[in-house]
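Structural overview for review
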Amino acid sequence: MVLIVDDIKANIIALKKTLELHNIDVDTAESGEEALKKILKTNYCLIIMDVQMPGLDGFEVVKILSGNKRTKDIPVIFLSALNIEKKYIFKGYESGAVEYITKPVDTDLLMLKVKTFIKIYEQQNELKGIKDLLSKEIKIRKEAQDNLEIKIAERTKELVLKNEELEMKNHELQQFAWVVSHDLNEPIRKIQIFIKIIKELYLKEDEKGIDYVDRTIKSAERMQTLITDLLAYSRLSAQVKPEVTDLNVVLQEVLSDFDYLIERKNAIVKATELPTIDSIPSQLRQVFQNLIGNALKFSGGDEPPLIEITAELIADKSFDSPTAPEGKYCRIVVKDNGIGFDEIYLDRIFIIFQSLNDRQTYEGTGIGLAIAKKIIEKHNGLITAKSEVGKGASFIIVLPLKYE
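Everything in this summary refers to the structure shown in the same document. The model shown is predicted, which means the values in this text are computed figures rather than measured ones.

How each quantity is defined
Residues numbered from 1 in each chain as written. Predicted model: local features only at pLDDT ≥ 70, side-chain atom pairs only at ≥ 80, totals over all residues. Heavy atoms only, no water. Helix = DSSP H or I, 4+ residues; strand = E, 2+ residues; numbered from the N terminus. Buried < 20%, exposed > 50% of the residue type's maximum accessible area, 1.4 Å probe, protein only. Contact = heavy atoms within 4.5 Å. Areas by Shrake-Rupley, 256 points an atom, 1.4 Å probe, with all protein chains shown as cover. Right-handed = clockwise from strand over helix to strand, strands pointing away. Pairing = 2+ DSSP bridges. Axes fitted to C-alpha atoms, helices over the stretch in contact; angles between N-to-C directions. Salt bridge = Lys/Arg side-chain N within 4 Å of Asp/Glu carboxyl O. Arc of directions from axis to C-beta. Parallel < 35°, antiparallel > 145°, perpendicular 65-115°, else oblique. Left-handed = near helix turned anticlockwise from the far one by under 90°. Nonpolar A, V, L, I, M, F, W, Y, C, P; charged D, E, K, R; others polar. Core = buried A, V, L, I, M, F, W, Y, C linked by side-chain atoms within 4.5 Å.

The helix and strand tally for the chain stands at 12 helices and 12 strands. When each of the 404 residues of the chain is scored for burial, the buried share is 41%. Taking all contacts inside the chain whose residues are at least 6 apart in sequence as the whole, residues at least 24 apart take part in 67%. In the form shown here, the chain has an accessible surface area of approximately 23,300 Å², with 53% of it arising from carbon and sulfur atoms.

Set out below in C-alpha cells:
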C-alpha cells in the first residue's frame, strides 16, 4: 500500500486516482502528524509526501522515520511545487528520501518510479521471507537424527545458494532503479522532433546536412531501442529471445554511430571477420558501443587512437583456451592504444557507478562497463581486461556460438 501525504485535499484526490488507475492500493494523510500515526500502525511500501505542510513539514517527518528501526527502510518520494531550489532538493535527499520531484509532475515518469520502488519493496520482502525460511530450515535440520546430516548439509547449501541469488537480483534491481528513476526517453523524443524540424525548414537543399540529420535520427532511434532493452533487463526480464546475429553488422552499426568522432580524432579502426552467434543484438551493440566509446574517449598522447577488434574460435569457455576451427566458443578482443589503467583496479572497473578517472576530464556515468559485464553474463559468456598505465587496454570477451 502507498501512503500519500499532502495538506491540500485536491492534490491527494488527483494523485490517488492516478495510482488507483494502475491498481495500486492507496491510503492518505493530510498532515505530518496524521501520517506518523498511520505509519506506526500500518506497513507501507512507499510514501509520497508533500514538502511544505503546516505543523511537521515533509523534511521533519522523514527525519523521524529515518531514526526508527521499523520505518527507516520505507522509501519516500518528495513532491514539491514551491521548494524547487537545489538546497531544498539536497536537503530532501539528506533527510532520507529516495527521490525529489518538482511540480508540475510528469505522470508517466512518476508512475514508473512508483512501480520501481514498489518492486524493490516486494523483492526485499521476498528476501526476508527466504531468510526466515532458511533459518527455520537450518534449525529443523540441526535437530534431526545423525543419519540425516548429509541431506541436511545438501539442503542447507541449496537454500544458501538460492538466498544469495535472490540477494544479488535484489541488489541489481536497486542499482538499476537509479537509472530507471530518471527520464530517459523524453530527451530522445525532443532530439528527434527538433532535428526533424531543422531538416524540414532549413536543410531542404543541403544534401550533406540532410545526411548528417538522417544519421542523427537513426542514432536517436537506436538509443530509444537501447533504453527499452535496458529497462527490460533491469527488471530481470528473461523473455527476450536470442536470434542469429552477424556481429559484423552489429559492429558496423556501432562504427557508423561513431563516424564523426572517429573522423575528428583521426582514429584508425581495424577489424577482422567476426562470427555469427545466437544473441540479443541490441545488447551486444551496447557492449561494442561501450568498449569502442571508451577507446575513443580515453585516447592519450599525440598519437591518433588505434582500435583493433579481432575474433577467433576457441575450444572451451576460457580466456586462455586454445584456438579451434570447430570450437563452440569465440574470443573477441577490443584493443586500444589509450591511457590504460592499473590492473589492480580490474575488479573495480566492472562495478556500476565506479570510475577510475576524473569525470571533469573524462565525461561518463560509470555504468558502461558494468552494463557490458551483465550483458555478457546474460549471454553465458565471460569478460575481462588487460592493461598497463599509458600502454592502452585490451578487453577480452568469450561468448558461446549457440545460446544455452
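After that view of the structure, there is still more to cover.
Counting buried positions along strand β4 (residues 76-80) yields five of five residues, so the element is predominantly enclosed. Neither face of β4 is open: one carries Val76, Phe78 and Ser80, the other Ile77 and Leu79, and all of them are buried. Crossover handedness for the path strand β3 (residues 46-50) to helix α3 (residues 58-66) to β4: right-handed. Across four bridges, the pairing between β4 and strand β5 (residues 99-102) is parallel. Note on β5: the bridge partner recorded for Ser80 is Thr102. After leaving β4, the chain enters helix α4 (residues 86-95) and then returns to the sheet as β5, a path that is right-handed.

This paragraph deals with the environment of Ile332. Within the element layout of this structure, Ile332 appears in strand β10 (residues 329-336). When neighbours within four sequence positions are excluded, Ile332 is seen to be in contact with Leu247, Phe288, Ile309, Thr310, Ala311, Phe395, Ile396 and Ile397.

Across the sheet, five strands lie side by side as β7-β9-β10-β12-β11; this open sheet has mixed pairing. Every interior strand has two partners, whereas the edge strands, β7 (268-271) and β11 (382-387), have only one. Taking each pair of neighbouring strands and ignoring which way they run, the sheet shows an average axis angle of 15°. Here seven bridges tie β10 to strand β12 (residues 393-400), and the two strands are oriented antiparallel to one another. Within the sheet, the bridge partner assigned to Val333 lies in β12 and is Ile396. Running at roughly 140° to strand β9 (residues 306-314), helix α11 (residues 281-297) makes contact with β9, β10 and β12 of the sheet.

Let's shift gears to the pattern of salt bridges. Opposite charge on two side chains allows them to pair when their charged atoms are near. Tallied over the entire structure, the rule returns 13 salt bridges. Two residues, Glu377 and Lys373, come together in a salt bridge whose shortest N-O distance is 2.4 Å. Within this pair, Glu377 and its partner Lys373 are both found in helix α12 (residues 368-378), separated by four residues, close to a single helical turn. According to the relative accessible area criterion, Glu377 is partly exposed, its value standing at 37%. Residue class for Lys373 comes out partly exposed when judged on its relative accessible area of 25%. Ionic contacts of the salt-bridge type, sharing partners, join the residues Asp27, Glu34 and Lys38 into one network.

Let us look at helix α9 (residues 247-257). Buried within α9 we find Leu247, Asn248, Val250, Leu251, Val254 and Leu255. For α9, the angular spread of the buried residues around the axis is 160°, confining them to a single face.

Turning our eyes to something else, we now look at the packing of α3 against α4. Contact pair α3 / α4: the axes reach a minimum separation of 9 Å and the direction vectors enclose 20°. With respect to α4, the axis of α3 lies roughly parallel. When you trace α3 past α4, the crossing you get is left-handed. From α3, Phe59, Val62, Lys63 and Ser66 reach across to α4, where they touch Tyr88, Lys91, Gly92 and Ser95. Looking at the contact of α3 with α4 residue by residue, the classes come out as three nonpolar, three polar and two charged.

Another point: the sheet that holds β4. Judged by pairing direction, the sheet is parallel, and its five strands sit side by side in the order β2-β1-β3-β4-β5 without closing on themselves. In this open sheet, the two strands that pair with only one neighbour each are β2 (26-29) and β5. With direction set aside, neighbouring strand axes in the sheet form an average angle of 20°. Inspection of the sheet shows strand β1 (residues 2-5) paired to β2 by four bridges, in the parallel sense. Within the sheet, the bridge partner assigned to Val5 lies in β2 and is Ala29.

For the rest of this paragraph, the subject is the nonpolar core. What tends to happen in soluble globular proteins is that the nonpolar side chains get buried as a cluster. Grouped together as the largest cluster of nonpolar side chains are 38 residues, with contacts concentrated most on Phe288, Ile292, Ile309 and Phe395. Elements with a minimum of two residues in this core: α9, α11, β9, β10, α12, β11 and β12. The biggest single contributor to this core is α11, with seven residues. The contacts of Phe288, once residues within four sequence positions are left out, are Leu247, Val250, Leu251, Val254, Leu274, Gly293, Ile309 and Ile332. Among the nonpolar cores identified, the runner-up in size contains 21 residues, and Ile39, Tyr44, Met53 and Val62 belong to it.

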